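So you can see what is in the structure, the chains are spelled out below.
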There are 4 protein chains.
Amino acid sequence: MTVAFLGLGAIGAPMARRVAARERELRVWNRTRARAEALARELDVHAADTPADAARGATVVITCLPTSNELQALLDGGLESALEPGAVVVDCTSGSPEATRAIAARLAARGVGFVDAPVSGGVSGAEQGTLTVMCGGDASTVDRVRPVLESFGRKIVHVGPVGAGMAVKAVNNILLAAHVWTLGEGLALLARSGVPASTALDVINASSGRSNSSQNLFPERVVGRAFPRTFRLALLDKDAATAAAALRDARVPSPLLQLTAELMRLAHVALGEEADHVEAVKVIEEWAGVRIG
Amino acid sequence: MTVAFLGLGAIGAPMARRVAARERELRVWNRTRARAEALARELDVHAADTPADAARGATVVITCLPTSNELQALLDGGLESALEPGAVVVDCTSGSPEATRAIAARLAARGVGFVDAPVSGGVSGAEQGTLTVMCGGDASTVDRVRPVLESFGRKIVHVGPVGAGMAVKAVNNILLAAHVWTLGEGLALLARSGVPASTALDVINASSGRSNSSQNLFPERVVGRAFPRTFRLALLDKDAATAAAALRDARVPSPLLQLTAELMRLAHVALGEEADHVEAVKVIEEWAGVRIG
Amino acid sequence: MTVAFLGLGAIGAPMARRVAARERELRVWNRTRARAEALARELDVHAADTPADAARGATVVITCLPTSNELQALLDGGLESALEPGAVVVDCTSGSPEATRAIAARLAARGVGFVDAPVSGGVSGAEQGTLTVMCGGDASTVDRVRPVLESFGRKIVHVGPVGAGMAVKAVNNILLAAHVWTLGEGLALLARSGVPASTALDVINASSGRSNSSQNLFPERVVGRAFPRTFRLALLDKDAATAAAALRDARVPSPLLQLTAELMRLAHVALGEEADHVEAVKVIEEWAGVRIG
Amino acid sequence: MTVAFLGLGAIGAPMARRVAARERELRVWNRTRARAEALARELDVHAADTPADAARGATVVITCLPTSNELQALLDGGLESALEPGAVVVDCTSGSPEATRAIAARLAARGVGFVDAPVSGGVSGAEQGTLTVMCGGDASTVDRVRPVLESFGRKIVHVGPVGAGMAVKAVNNILLAAHVWTLGEGLALLARSGVPASTALDVINASSGRSNSSQNLFPERVVGRAFPRTFRLALLDKDAATAAAALRDARVPSPLLQLTAELMRLAHVALGEEADHVEAVKVIEEWAGVRIG
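Numbering of residues starts from 1 in each chain and follows the order in which that chain's sequence is written. To label them, take the chains in the order written and letter them from A, then take the ligands in the order written and number them from 1. It should be noted that, the model being predicted, local features are given only for residues of pLDDT at least 70 and side-chain atom pairs only at 80 or more, the latter also being counted only at that level, while totals for whole chains, interfaces and linings use all residues. Just so you know, side-chain values use all the structure's heavy atoms and leave hydrogens and water out.

**Considering the overall build of chain A**
For helices the rule is a DSSP run of H or I covering at least 4 residues; for strands it is a run of E covering at least 2, with both sets numbered from the N terminus onward. Along chain A, the regular secondary structure elements total 13 helices and 9 strands. Burial classes: relative accessible area under 20% of the type maximum marks a residue as buried, over 50% as exposed, and values in between as partly exposed (1.4 Å probe, protein chains only). Buried positions account for 63% of the 293 residues belonging to chain A. Taking contacts inside chain A between residues at least 6 apart in sequence as the whole, the part at least 24 apart equals 67%. All accessibility values rest on the Shrake-Rupley procedure with a 1.4 Å probe; residue burial counts only the protein chains present in the view. Only carbon and sulfur atoms are counted for the fraction: they give 48% of the accessible area of chain A, which is about 9800 Å². Throughout, a contact is declared for two residues whenever any of their heavy atoms are within 4.5 Å.

Below is the structure:
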């Protein structure tokens with residue numbers, strides 16, 4: 001297959017490296033051109049001038065962008081007309097289910113296939129090819145692009161029709177947000193009650209209240225006060241807002257997740273664009289006047 | 001040691017069995033006398049007529065009751081005056097930190113020690129002696145009763161001063177409540193989006209949004225529509241209310257956990273006294289007009 | 001002016017009557033044709049077969065529809081092409097600010113003016129011509145249609161650009177929703193504390209916690225258990241959802257209003273399409289197991 | 001009657017002035033002695049050294065303190081033993097219903113009557129004798145003290161048994177809190193939509209979303225940016241917490257008022273002890289990055 005890879009950010013770049021290791025022909029493009037050129041040199045592939053140049057003649061076009069808005073803007077800006085009938089766009093963006101359905105319909109009208117394929121597993125998962133990939137689309141289209149997905153993903157799951165991949169990703173991430181925040185509130189109480197966070201986590205992780213956050217995020221980051229920037233709070237805010245909007249669209253009463261989305265918005269505003277998602281607990285610490293961990 | 005065990009409910013009875021296997025002398029008491037007599041016959045130990053009879057002369061008095069109110073009522077009703085100086089009350093109830101501190105102070109005035117020691121791990125953990133025990137109290141008092149605790153617990157953690165054990169248990173359980181409810185809201189959206197719960201859970205459990213609820217409760221209970229009564233919603237409501245009250249007392253702003261407590265109350269009212277805690281998702285299903293799993 | 005009036009519901013019909021009393025020429029249209037014909041006979045005006053027929057040659061086209069979606073559908077269905085350059089659409093629907101801006105832009109491209117003009121004051125205000133009208137649009141366009149607005153409105157306020165009228169109406173209505181619900185929660189507590197609702201309202205209405213709901217809705221409706229259907233809960237749910245979505249779009253963290261919108265959704269689902277908005281308190285009564293008033 | 005007045009704060013002092021104008025004998029006491037002495041000179045009454053000195057021989061003892069805790073502390077510190085059988089304590093504190101019931105029971109055991117009588121109407125209402133007084137207690141006891149209450153209150157309402165006055169006051173105040181906060185969220189959206197707060201309030205105050213806050217607080221304070229300290233946010237936080245706790249005790253599911261209490265806590269922490277209650281909107285302004293009014 002001839003593959004175009006558009007969007008070489010923190011996750012996109014290592015994903016593109018893994019695609020390069022398997023596919024015969026790869027073209028890469030990035031908004032900041034220097035990143036594309038550096039990666040193209042490293043991989044000995046072509047750095048395209050525009051998304052359209054990258055996509056022209058490609059069988060599969062992978063996109064890995066901040067939001068669905070960026071994909072729409074690329075399509076409007078020339079990408080759509082460069083896509084050839086029979087090609088498939090694989091969108092690895094953590095996007096909006098609703099916008100994604102609109103994009104797929106638009107491409108279908110031109111005979112271009114579409115799979116939404118957001119990923120989970122972080123930078124290290126991308127580097128090691130162990131990402132979880134949540135695919136939405138026709139089963140046959142998903143099957144056609146599966147070999148490419150397998151270059152960076154270990155668990156490739158076809159979850160439903162177009163947009164379903166985005167919905168699963170958004171739900172997963174708002175659950176992450178809810179877990180981080182509720183654990184922060186709980187540990188703030190325990191800190192006030194004389195229980196160190198490390199002790200509390202030790203017990204919770206052997207009990208029914210444990211989560212990925214209590215097991216894999218808080219011990220190092222909150223107890224150790226190391227807040228590596230693996231996933232920006234600004235992006236988790238965006239994902240939580242996507243999930244909250246989808247819940248509203250689907251008319252699912254969801255008081256707890258709607259409030260979770262508001263709190264992510266608050267924390268994002270309070271801590272700025274560069275904060276990591278786990279730093280959201282600092283807002284709770286300030287409100288409670290207590291240090292967790 | 002001479003041990004008295006008061007409260008032989010779903011968790012208390014198997015815990016008493018394990019104590020019996022290790023300790024020289026055991027007396028048991030239960031509000032419904034028939035349960036005490038049956039267990040006493042099975043274990044060949046003494047079934048006491050009253051809590052005071054059980055406690056007289058005991059080195060350690062273990063209590064495993066619905067709430068702290070029941071322990072206070074037993075103390076008022078004759079138990080307190082039967083306790084001998086030097087004895088230790090080990091309260092395995094999931095109780096209130098505040099009430100627990102009052103009880104411990106009252107006992108201390110009589111020279112009686114106190115350890116709060118709520119447990120996690122359910123009926124099967126009690127049967128197999130693999131409970132997690134969260135101990136609050138003086139280190140020396142905790143050490144004195146540790147051999148008894150080891151008869152039913154595998155992980156015995158001294159988390160802080162009197163009441164801290166209760167606080168950790170309440171926080172663990174309100175986290176469980178938050179996880180069950182947020183996962184229910186999220187899966188209701190996904191059901192609407194054409195994603196089966198089993199598929200969604202498969203992906204979430206390989207991603208950052210996983211929790212003990214998504215891994216160990218929902219696959220069998222929500223997907224399989226088996227709702228075994230392992231832990232009554234009424235009790236989870238009580239624990240969530242305990243945590244919410246402790247958060248307020250400690251002046252920790254906690255919008256998400258306060259709302260969690262309200263939702264447990266709603267679900268408890270809607271589903272009644274006998275529903276299992278995971279059945280809370282049925283309220284979400286009704287609100288959303290969708291069946292999860 | 002030649003005026004077309006589209007949408008003759010509970011509010012629209014009395015508004016059309018007042019327009020007829022002032023304007024030289026009026027054409028009316030309604031989805032259920034019988035309502036239009038009856039009103040046309042009563043007023044001795046023309047009942048149009050289609051919205052386009054009503055609008056052709058009209059200077060002002062007033063729309064009073066359930067939501068912005070219905071206006072978009074009418075425009076798509078022939079209304080748009082029947083509008084003449086220089087005409088003005090006055091939309092009295094309680095609509096979405098965002099959809100309204102899109103509609104206005106679409107009409108502007110054809111030289112057709114637009115004013116959003118949702119109203120407050122209920123059926124009796126429409127009958128008596130004492131409605132409050134919240135106008136969004138260019139000042140000059142608002143001025144052009146002011147004489148028509150004055151036929152049914154006593155207080156005509158130009159609140160801002162296109163969409164601003166819809167935003168003010170949505171905010172007003174979500175405040176109404178919040179007032180009804182919070183008052184319901186508070187009175188449920190007081191009922192439990194032995195304070196009759198009539199006594200509680202008497203005091204609150206002389207104190208700082210009073211609102212239009214406590215003064216003008218609850219005394220008759222909740223205390224008197226008369227729940228006249230003056231404004232359907234289904235419509236208040238829709239308005240609250242509109243406000244909640246606008247708050248999200250504007251990135252205003254709004255935990256209390258977002259939760260208000262969720263509760264309206266819950267109450268709407270629980271009580272059905274025909275319930276009046278004040279009946280939402282019945283959900284609280286059921287949750288609390290208490291009768292208010 | 002011989003009246004003792006304990007607590008001469010912002011509201012207490014003008015209330016005591018009005019009592020002095022009617023009653024034959026008045027003794028005053030205040031924690032900061034200088035305030036008591038100044039008022040005693042002004043009124044030509046006796047400034048007592050201790051609460052007990054003030055209360056000895058008094059027929060009616062009026063208390064106007066920050067919280068129920070202060071009253072309990074005064075009783076413990078000698079006041080209780082100075083009260084004579086047949087005397088009545090009239091507690092004008094905005095206190096806790098639960099604590100109040102305990103205090104009344106304790107006094108009843110000594111033959112001392114009790115009426116809870118929190119007031120609404122602010123400093124100016126106290127000065128002009130136009131307060132609303134919410135009385136809890138036996139009808140006969142309320143009647144006995146009514147003449148004293150009429151010296152500062154215009155509307156004296158017997159709302160129910162002991163504690164009911166406190167409950168009504170707490171509910172009134174948490175409604176005030178909810179109105180201030182929801183109006184702040186709504187106006188933040190409208191500010192973003194190009195609608196000035198003065199215009200928005202003009203419309204809302206002619207519509208169904210109006211409240212005492214929109215009519216009497218926001219026009220001057222938020223639009224005019226004058227934030228006179230008429231009622232401290234710290235006290236409104238305390239009252240909201242009282243109401244939230246009473247709702248929990250009464251097992252009334254109350255998601256909206258519980259969240260209101262959390263937001264008052266947040267705002268109190270963010271703005272400090274001296275902020276006025278209406279300044280809570282500054283927190284919303286900061287979150288939303290917009291200036292209202």
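**Focus on the relation of the copies chain B and chain A**
Of the transformation superimposing chain B on chain A, the axial component is 0.0 Å and the angular component is 180°, with the fit at an RMSD of 0.0 Å. The two molecules are tied by a two-fold rotation axis, judged by turn and shift. Every residue of chain B has its C-alpha some distance from the rotation axis, and the shortest such distance is that of S211 of chain B, at 1.9 Å. The fraction of interface residues of chain B whose copies in chain A are also interface residues reaches 100%, indicating that both copies meet through the same surface. Overlaid copies result from least-squares superposition on C-alpha atoms, with residues included only where pLDDT is at least 70 in both.

**With respect to the relation of the copies chain C and chain D**
Put simply, the second copy of the chain is the first one after a rotation about an axis and a shift along it. Rotating chain C by 180° and moving it 0.0 Å along the rotation axis overlays it on chain D with an RMSD of 0.0 Å. The share of interface residues of chain C whose copies in chain D are also at the interface is 100%, consistent with both copies meeting through the same surface.

**Notes on unusual backbone geometry**
Most peptide bonds take the trans form, and the phi angle of most residues other than glycine is negative. Residues and elements named next belong to chain B. For R225, which is not glycine, the phi torsion reads 55° and is therefore positive. Along the chain, R225 falls in the loop between α10 (212–223) and α11 (233–249). We note that R251 has phi near 60°; this positive angle belongs to a residue other than glycine. Among the structural elements, R251 can be located in the loop between α11 and α12 (255–271). Taking relative accessible area as the criterion, R251 reaches 41% and is therefore assigned partly exposed.

**A word on the interface of chain B and chain A**
Contact residues are listed per partner, giving 60 residues for chain B and 60 residues for chain A. Simply put, the buried area is the total loss of 1.4 Å probe accessible area from both parts when two parts are fitted together. Summing both partners gives a buried area of about 5200 Å² for chain B against chain A, and 69% of it is carried by carbon and sulfur. When the buried area of chain B at its contact with chain A is split by residue, E185, L189 and L256 of chain B rank highest and sum to 13% of it. We count a salt bridge whenever a side-chain nitrogen from Lys or Arg sits within 4 Å of a carboxyl oxygen from Asp or Glu. For the pair chain B and chain A, the number of links is 2 salt bridges. D202 of chain B is paired through a salt bridge with K155 of chain A; the nearest N and O atoms lie 2.9 Å apart. Polar contacts, as counted here, are pairs of nitrogen or oxygen atoms within 3.5 Å of one another; within protein the pair requires one atom able to donate a hydrogen and one able to accept it, and residues that are adjacent in sequence qualify only if both atoms are side-chain atoms. The interface formed by chain B and chain A holds 20 residue pairs in polar contact (both at pLDDT 80 or more) in total.

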